[in-house]
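As a plain string of letters, each chain reads:
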Amino acid sequence: MASSSILLSEEQFLCSICLDVFTEPVTTSCGHNFCIDCITKYWNSKDLCHCPLCKEKFSKRPKLRVNTMLREVVGNFKSLRDRGKDESPAKLGKVPCDVCTEEKQKAVERQAEGLIKELGQEITELKRRSTDLKQLSQTEDHLQLLQSFPSIVCNPQPTKDWSEISVHSDLCVGTVRKAVSQLEETLNKEMEKLPEVKLKRIQQYAVDVTLDPDTANLYLILSEDGKQVRLQNTPQKLPDNPKRFNQYLIVLGKDGFSSGRFYYEVTVKGKTDWDLGVARESTDRKGIISPSSEDGVWTVVLRDWNQYTACASPQVYLSLIEKPQKVGVFVDYEVGQVSFYDVEAKSHIYSFTGCTFTEKLYPYFSPCDNDDGKNSAPLIISPVNHTH
């Protein structure tokens, strides 16, 4: 039974909004499934109701009912998964079957305590013998070696065959097993909420970002592989391009995204100032722009070494314990979210939520002014290390 659960991919039972196993799943008319709380909160943040995955619009908010069949399948999957983790044959001696479950449990616990005590005594004896042998191996007194060797090596204390001892798994401990399984499931859910666990999960959406030279301000120099950008003191002599930023030190990624999720990481080590995030395709390239979420630019910026700001409306000043050396940017297009992470600290920096995306989004970079050489280090698009 446990082996069959392995054939079921957990991805089949994940809500695309919270990225967790379904809780009270509902199915929309377009055939997609979500946790009832997740889809309700998602629609509450939107003016129009549409499916977060296929974007099908609904003339009025659908009346949601829990998909009982899917809920049962998810419940069975969780049970099989948990059973697969701790399924093992076991015997701990007979317990009288005419006593209640609680008394059976206590009897099992008493027997287990006795076995643990006995095993502890054997371990203590084995450690003592190991110490004696170590001291004996270092002695230079050959007479002592000959006198002590038989008693230590040739006459060992008898030990129990512990391979025959295991834990019984019938109904007498079923209540405990169920409680432990529920506790483990709750713990796993709480663990998934931790930033480092969340970061590891979203890193699976990593994409290969390359800088677009046609968008780069004339003062910006890109590396040959399109992975680095830095500022130079004199502008390049290049033909005008409608995509190029002419007022601000900005460059965009070459590829835009109009659906799904994507993630990339940028090394910012050694810099005093930088801007990172995403911008919509229609962002003005020639005039004066305001890098804020209201104008279709979702960024976090650094100024003067340690002043971090999320360019929302109004701006949000961030208090970071550590200075990020590598920043991760994650976008969920359908959910309308842009998140920033300190990759090395595995911590969350800031998230823009409840956004409405209607056109392509492009990775956004600005290495900012050189600050008399203090900020001359480049921004570097780094490969994502999935082993974090």
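Since this is a predicted model, take the numbers as computed values, not measurements. (Residues numbered from 1 in each chain as written. Predicted model: local features only at pLDDT ≥ 70, side-chain atom pairs only at ≥ 80, totals over all residues. Heavy atoms only, no water.)

### Examining the overall build of the protein
And step 1. Scanning the protein from N- to C-terminus turns up seven helices and 17 strands.
And step 2. Long-range pairs, those at least 24 residues apart, make up 64% of the contacts in the protein between residues at least 6 apart in sequence.
And step 3. Working note: accessible area of the protein is about 22,800 Å², and carbon and sulfur atoms make up 52% of it. (Helix = DSSP H or I, 4+ residues; strand = E, 2+ residues; numbered from the N terminus. Contact = heavy atoms within 4.5 Å. Areas by Shrake-Rupley, 256 points an atom, 1.4 Å probe, with all protein chains shown as cover.)

### Some points on the environment of asparagine 67
And step 1. You can see asparagine 67 is positioned in the loop between β4 (57-58) and α3 (68-86).
And step 2. Separated by 34 residues in the primary sequence, asparagine 67 and asparagine 33 have C-alpha atoms spaced 8.8 Å apart.
And step 3. Those residues within four positions of asparagine 67 in sequence are excluded, and the remaining contacts are Pro25, Val26, Thr27 and Asn33.
And step 4. Looking at asparagine 67, its side chain comes within polar contact range of the side chain of threonine 27, at 2.8 Å. (Polar contact = N/O pair within 3.5 Å; in protein donor to acceptor, adjacent residues only side chain to side chain.)

### Some details on the nonpolar core
And step 1. Membership of the largest hydrophobic core comes to 38 residues, with the highest contact counts inside it found for Trp274, Val338, Phe352 and Phe365.
And step 2. Ignoring anything within four residues of it in the chain, the contact list for tryptophan 274 reads Val268, Val300, Val301, Leu302, Arg303, Tyr308, Val327, Ser366, Cys368 and Leu379. (Core = buried A, V, L, I, M, F, W, Y, C linked by side-chain atoms within 4.5 Å. Buried < 20%, exposed > 50% of the residue type's maximum accessible area, 1.4 Å probe, protein only.)

### Some details on helix α2 (residues 36-44)
And step 1. Within the sequence span of α2, burial applies to Cys38, Ile39, Tyr42 and Trp43. Down the axis of α2, the sector holding all buried residues measures 125°, keeping them to one side. Away from its buried face by more than 90 degrees, α2 exposes Asp37, Lys41 and Asn44.
And step 2. Contacts from the buried residues of α2 go to β1 (25-27), β2 (33-35), β3 (49-50) and β4. (Arc of directions from axis to C-beta.)

### A few points about the pattern of salt bridges
And step 1. One pass over the full model with this rule turns up six salt bridges.
And step 2. For aspartate 212, the salt bridge is made with lysine 243, and the minimal N-O distance between the two is 3.0 Å. You can see aspartate 212 sitting in the loop between α7 (195-202) and β5 (220-222) and its partner lysine 243 sitting in the loop between β6 (228-231) and β7 (251-252), a full 31 residues away along the chain.
And step 3. Assessed through its relative accessible area of 5%, aspartate 212 is described here as buried.
And step 4. Overall, lysine 243 belongs to the partly exposed group, its relative accessible area being 36%.
And step 5. For the salt bridge of arginine 261 with aspartate 332, the shortest nitrogen-to-oxygen distance reads 2.7 Å. With a gap of 71 residues between them, arginine 261 in strand β8 (residues 261-267) and aspartate 332 in strand β13 (residues 326-332) connect regions that are remote in the sequence. (Salt bridge = Lys/Arg side-chain N within 4 Å of Asp/Glu carboxyl O.)

### Some points on the pairing of strand β17 (residues 379-382)
And step 1. Across two bridges, the pairing between β6 and β17 is antiparallel. What sits directly across from glutamine 228, in β17, is isoleucine 380. (Pairing = 2+ DSSP bridges.)

### Quick look at the packing of aromatic side chains
And step 1. As enumerated under the stated definition, the model contains nine aromatic pairs in all.
And step 2. By way of ring pairs, the aromatic residues Trp298, Tyr333 and Phe357 are connected into one cluster. (Phe/Tyr/Trp six-rings, centres within 6.5 Å; stacked < 30°, edge-to-face > 60°.)

### Here's the deal with the confidence of the model for the protein
And step 1. Across the protein, the average pLDDT comes to 81, with 74% of residues at 70 or higher.
And step 2. Segment residues 87-99 is flagged for pLDDT under 50; beyond a separation of four residues in sequence, or across chains, it makes 26 contacts in the model. (pLDDT = per-residue confidence, 0-100.)

### So, the environment of asparagine 375
And step 1. The topology assignment puts asparagine 375 in the loop between β16 (361-366) and β17.
And step 2. In this structure the C-alpha to C-alpha distance between asparagine 375 and lysine 271, which are 104 residues apart in sequence, comes to 4.9 Å.
And step 3. At 2.9 Å, the side chain of asparagine 375 and the backbone nitrogen of threonine 272 are in polar contact.

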